[in-house]
Amino acid sequence: MNRRRALWRRLLVVALLVLSLAMLTLYFRESEGGPVHRVQQAGMKVLSPLQYGTSRIAEPFRDAWNWVGDLFTAQSENARLRKEVAKLQALTAQQAKELQEYSELRNLTDVMEDEDKVFPEGVEFVTARVIARSTEAWYSTVTINVGSSDGLELYDPVVNEQRGLVGRVTSLTGDAAKVTLLTDQKSAVGAEVLPNEARGVVAGSMTGDMTMDLVDRSEKIERGQVVVTSGASKTLTVRGIPIGVVDDVGDQAVELYQSVAIRPLVDFKKLEWVLVVRQ
Amino acid sequence: MAGDEMHGLGRVQVTRTARPRRAVRPAAELHSGRDIAIELGRLAAMLIVTVLLQTVLASHIRVLGASPDFALLAVVSVGLLRGSEIGALFGFVIGVGVSIAVFGPLGLSSLVLVVIGYFSGRYAETADTTSGWTPVVAVLSGTVVALLLSTLMQFLLERQTPIGFVVTRVFLPSLLLNGLLAAPSYLLSRLWLREGVSVREPQA
C-alpha cells in the first residue's frame, strides 16, 4: 500500500512538472493567438474584475503603507535632493550663459508642457487603472483594466499623467492588457536626445536602470538633456514623448557607441493611473 | 509508531503541559463527500485570495527592494498541513493563477511551486514537525530553492542575471521578508484549513 502510494505521488509530481514545462515551451513557441495564450486570456477575463475590486479595496492600505515608506526615506531623500539641487544650479548657471542653448531648452519645456505638440492630431487617450503588477525581479510589467474592447492595440504607448512614457502594451484581452514598462530588460524604444537629435535605443535592465545605447560617438551629450521617443519605429510612431533626462554619459574610448544613463520622468513604483495612447 | 512517540517524547510532554494541543483530525474523516467538498472549497478560496494578494498587493510592500512571496508562503503552508500530493497540486494551480494574473509566461511559476509544494509536504510527512520553527525552516528552504530555480530558468530564457544584484537585492531581502512572514502565514493557513489532518507517514 505504501509502495503504491509512493509511486502515485512521484507520478503526480513528474506529471505536473512535465505539464508545466510543456506549457512553458508552448508559450514561447506559439503566437499571441495560440492555445496557451488563449487559456491565459480566458483566465484573465475571470481574474481582472477581481483584481480591479481588490485594487480598489486595498487603495487606502496601500496609501498608508506608501506614506510610512516615504517617511522613512524622507531624510535621506532630502540630503540627496539638496546635493542634486546644488549640482543642477551649477549646471543651470553654465547653461544660462549660452543664449542658443537657453532658447532650445525653452522650446523643449514648451514641447513637454503642450500636449498638442507632443502628440499628433487625432491621437486619443484611454485612461486605465493599474490593477496588478509582476513581483519577480526579472519582469517589469503591470496589468491595466482596459483592453481590446476599449480600442487598445498591441504596442500602443502608455504614458502617465505628466505625459512621460511608461511603456507599451504587449499583451491584450478584451478587458485587460499587459504593459511592459520601460525598465523591463526586454524593453527597447527608439529615442533621441534633444536638442541635438542624437538617436539611440533606450533599454531597461534587471536593476531598474535605463540606458540609451547605440548613440553615435560624435554626438556631444550632456547631463540634464531631455530624451524623447524618436518615432522611428514600426511599432512606436509617435515622436517626442518624453522618456527622461540624461543622468550620465559613458566615456569608453574603445567603444563604437556612447552609452547614456537615463533618469526616467516616471516613478514606476507608484503607478496607479496611466493613459494609453491610441496611435 | 512506538518508536515515533519515543522520538519526540520530551517535546510532546512539554507542549501538552503548557498548552493542550487541539486534536488532529484523522485522515479518514476527510473521506466523506461533504468533507472533501468543504476542503476543496477552503483550498480554492485560499488560492484566489493568495493570487490576488500576490498580484495586487505584494508589489506595493517593498522592503529593501524585495516583495513578499505570498504564493510561496501559501504553498509551503498547504504542503506542511496537507502533505506532498496536495502541496504539489496546490503549487501547480497557484503558479498558473499568478502567471495568468500578471500575463507572465504560463508554466514558469508552476514549475517552481510544484517543487516547493512537494518538498514541503515530504518534509511534513517524514520529519518531526512539532517545533515552532518548522514553517520558518520550510519557508526559508523553499525561498532558496525557488530563487535558485527562478534564476536558472531566467538564465535559460536569456534574461539578465547579474549575480551581485540577484544576491543582494533579490535573495537576501526575499529570505528576510519571507522568513518574517512564515510563522504568521502558517498560523493563518492552519486556522483557515481547520487544523490539520495527520500527514505523517507511519514509521516502518
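Residues numbered from 1 in each chain as written. Chains lettered and ligands numbered in written order. Predicted model: local features only at pLDDT ≥ 70, side-chain atom pairs only at ≥ 80, totals over all residues.

### Some thoughts on the overall build of chain A
Cut-off, in case you're wondering: Strands are runs of DSSP state E lasting at least 2 residues, helices are runs of H or I lasting at least 4, and numbering of each runs from the N terminus. Backbone-placed C-beta atoms define the burial measure: a residue is buried with 20 or more other C-beta atoms within 10 Å of its own, exposed with 12 or fewer, and partly exposed in between. Here, residues touch in the contact sense if the C-beta positions derived from the backbone fall within 7 Å of one another.
Of regular secondary structure, chain A possesses four helices and 12 strands. The 279 residues of chain A split such that 34% are buried. Of the contacts made within chain A by residues no fewer than 6 positions apart, 56% connect residues no fewer than 24 positions apart.

### Some remarks on the overall build of chain B
In terms of regular secondary structure, chain B is built from eight helices and zero strands. Scanning chain B from its N terminus toward the C terminus, one meets helices and strands in the order α-α-α-α-α-α-α-α. Restricting the contact set of chain B to residue pairs at least 6 apart, pairs at least 24 apart contribute 74%.

### Let's talk about the sheet that holds strand S10 (residues 242-249) of chain A
Adjacent strands of a sheet pair through backbone hydrogen bonds, lying either parallel or antiparallel. All names here are of chain A. For clarity, the threshold we go by: Between any two strands, pairing holds if DSSP finds at least two bridges. What counts as an axis is a line fitted to C-alpha atoms, over the stretch in contact for a helix, and the angles between N-to-C directions run from 0 to 180 degrees.
The strand order around the closed barrel built from six strands is S6-S7-S8-S11-S10-S9, with neighbouring strands paired in antiparallel fashion. On average, each strand axis in the sheet is tilted by 40° relative to the strand beside it, whichever way the strands run. In this sheet, strand S11 (residues 257-264) lies alongside S10 in antiparallel orientation, the contact comprising five bridges. Along S11, the bridge assignment pairs Val245 with Arg263.

### Observations concerning the packing of helix H4 (residues 70-82) of chain B against helix H6 (residues 108-126) of chain B
Residue and element names in this part refer to chain B. Selection criterion: By definition, any crossing whose near helix is turned counterclockwise from its far helix by less than a right angle is left-handed, and any crossing with a clockwise turn is right-handed. Gly falls in the polar group here, along with every residue not listed as nonpolar (Ala, Val, Leu, Ile, Met, Phe, Trp, Tyr, Cys, Pro) or charged (Asp, Glu, Lys, Arg).
Where H4 contacts H6, the two axes come as close as 7 Å, and the packing angle between them is 35°. The two elements H4 and H6 meet at a crossing, and its hand is right-handed. For the pair H4 and H6, the contacting residues are Ala71, Leu72, Val75, Val76, Val78, Gly79 and Leu80 in the first and Leu113, Ile116, Gly117, Ser120, Gly121 and Ala124 in the second. Residue classes in the contact of H4 with H6 are distributed as nine nonpolar, four polar and no charged.

### Some points on the pairing of strand S5 (residues 177-181) of chain A
Residues and elements named next belong to chain A. Where burial is concerned, most of S5 is hidden: five out of the five residues are buried. Residues Ala177, Val179 and Leu181 of S5 are buried on one face, and the alternating residues Lys178 and Thr180, pointing to the opposite face, are buried as well. Bridge analysis of strand S4 (residues 165-172) against S5 gives five bridges, and the strand direction is antiparallel. Across the sheet, residue Ser171 finds its bridge partner in S5, namely Lys178. Hairpin connection between S4 and S5: a loop of four residues separates the two successive antiparallel strands.

### A few points about the environment of Gly190 of chain A
Residue and element names in this part refer to chain A. Relative to the helices and strands, Gly190 resides in strand S6 (residues 188-194). Once the C-alpha coordinates of Gly190 and Arg239 are considered, the two residues, 49 residues apart in sequence, prove to be 9.5 Å apart. Apart from the residues lying within four places of it in its own chain, the contact partners of Gly190 are Val201, Thr229, Ser230, Ala232, Ser233 and Leu236.

### Remarks on the interface of chain B and chain A
Interfaces are frequently sized by the accessible area removed from exposure as the parts join. Counting residues at the interface gives 34 residues for chain B and 40 residues for chain A. Counting residues per element, the side of chain B that touches chain A draws most heavily on helix H5 (residues 84-101) of chain B, at six residues. Residues belonging to the side of chain B that touches chain A are distributed by class as follows: 20 nonpolar, 12 polar and two charged.

### Points about the nonpolar core
Put simply, the test is: A set of buried Ala, Val, Leu, Ile, Met, Phe, Trp, Tyr and Cys residues, joined through C-beta atoms within 7 Å, is what we mean by a nonpolar core.
In this structure, Ile144, Val166, Val202 and Ile243 of chain A together with Val75 of chain B are the most contacted members of the largest nonpolar core, which totals 106 residues. For this core, the element with the most residues is H6 of chain B, which contributes 11 residues. Not counting residues within four places of it along the chain, the set of residues in contact with Val166 of chain A comprises Val158, Val159, Asn160, Val179, Leu181, Leu182, Val266, Leu271 and Val274 of chain A.

### What about H4 of chain B?
All names here are of chain B. As a reminder of what qualifies: Multiplying 1.5 Å by the residue count of a helix minus one yields the expected span of that helix.
When the terminal C-alpha atoms of H4 are compared, their 18 Å separation across 13 residues agrees well with the 18 Å that a helix rising 1.5 Å per residue should span. Along H4, 13 of the 13 residues are buried, which leaves the element largely enclosed by surrounding structure. Just past H4, the residue Gly83 takes up positive phi, approximately 95°.

### Some details on the confidence of the model for chain B
All names here are of chain B. The line we're drawing: On a range of 0 to 100, pLDDT expresses the predictor's confidence in each residue.
Mean pLDDT over chain B stands at 82; residues scoring 70 or higher make up 80%. Per-element confidence in chain B ranges from a low mean pLDDT of 44 for helix H1 (residues 2-7) to a high of 95 for H4. Every residue in residues 1-28 scores below 50 in pLDDT, and together they form 21 contacts with partners more than four places removed in sequence or on other chains.

### Concerning the packing of helix H1 (residues 2-29) of chain A against H5 of chain B
Selection rule: We call two directions roughly parallel when the angle between them is under 35 degrees, roughly antiparallel when it is over 145, roughly perpendicular when it lies between 65 and 115, and oblique otherwise.
In contact at an axis separation of 10 Å, H1 of chain A and H5 of chain B are set at 10° when each is read in the N-to-C sense. Judged by the inter-axis angle, H1 of chain A sits roughly parallel to H5 of chain B. Of H5 of chain B, the residues touching H1 of chain A (which contributes Arg9, Leu12, Val13, Leu16 and Ser20 of chain A) are Ser84, Glu85, Ala88 and Phe92 of chain B. Considered class by class, the residues forming the contact of H1 of chain A with H5 of chain B number five nonpolar, two polar and two charged.

### Remarks on helix H8 (residues 163-192) of chain B
Condition: The angle between axes fitted to the seven residues ending at a residue and the seven residues starting there is what we call the bend at that residue.
At Ala182 of chain B, H8 of chain B shows its largest bend, some 40°, and a proline, Pro184 of chain B, comes one to four positions later. Listed as buried for H8 of chain B are Val166, Val170, Ser174, Leu177, Asn178, Leu181, Ala182, Ser185, Tyr186 and Ser189 of chain B.

### A few points about the sheet that holds strand S1 (residues 124-133) of chain A
Residue and element names in this part refer to chain A. If you walk around this closed barrel you meet the six strands as S1-S2-S5-S4-S3-S12, and the pairing is antiparallel. Averaged over all neighbouring strand pairs, the angle between strand axes comes to 45°, with direction disregarded. Relative to strand S12 (residues 273-278), strand S3 (residues 157-159) runs antiparallel, the two being bridged by two bridges. Bridging from a neighbouring strand, Val158 pairs with Val276 of S12.

### What to know about unusual backbone geometry
Looking along the chain, the bond that leaves Leu194 of chain A and enters Pro195 of chain A is cis, with omega of 10°. Positive phi, normally seen in glycine, also occurs at Phe103 of chain B, with a value near 55°.

### Considering the pairing of S1 of chain A
All names here are of chain A. Here six bridges tie S1 to S12, and the two strands are oriented antiparallel to one another. Residue pairing for S12: Thr127 is matched across the bridge by Leu275. Of the strand pairs in this sheet, S1 and strand S2 (residues 141-144) are connected by three bridges, and their pairing is antiparallel. Note that in S2 the partner of Ala132 across the bridge is Thr143.

### Focus on the environment of Ile221 of chain A
Residues and elements named next belong to chain A. Within the secondary structure layout, Ile221 lies in the loop between strand S8 (210-216) and strand S9 (226-229). Each C-alpha atom of the pair Ile221 and Ala198 lies 8.2 Å from the other, and the pair is 23 residues apart in sequence. Beyond its immediate sequence surroundings of up to four residues, Ile221 is in contact with Val193, Ala198, Val215, Val246, Val249, Gln258 and Val260.

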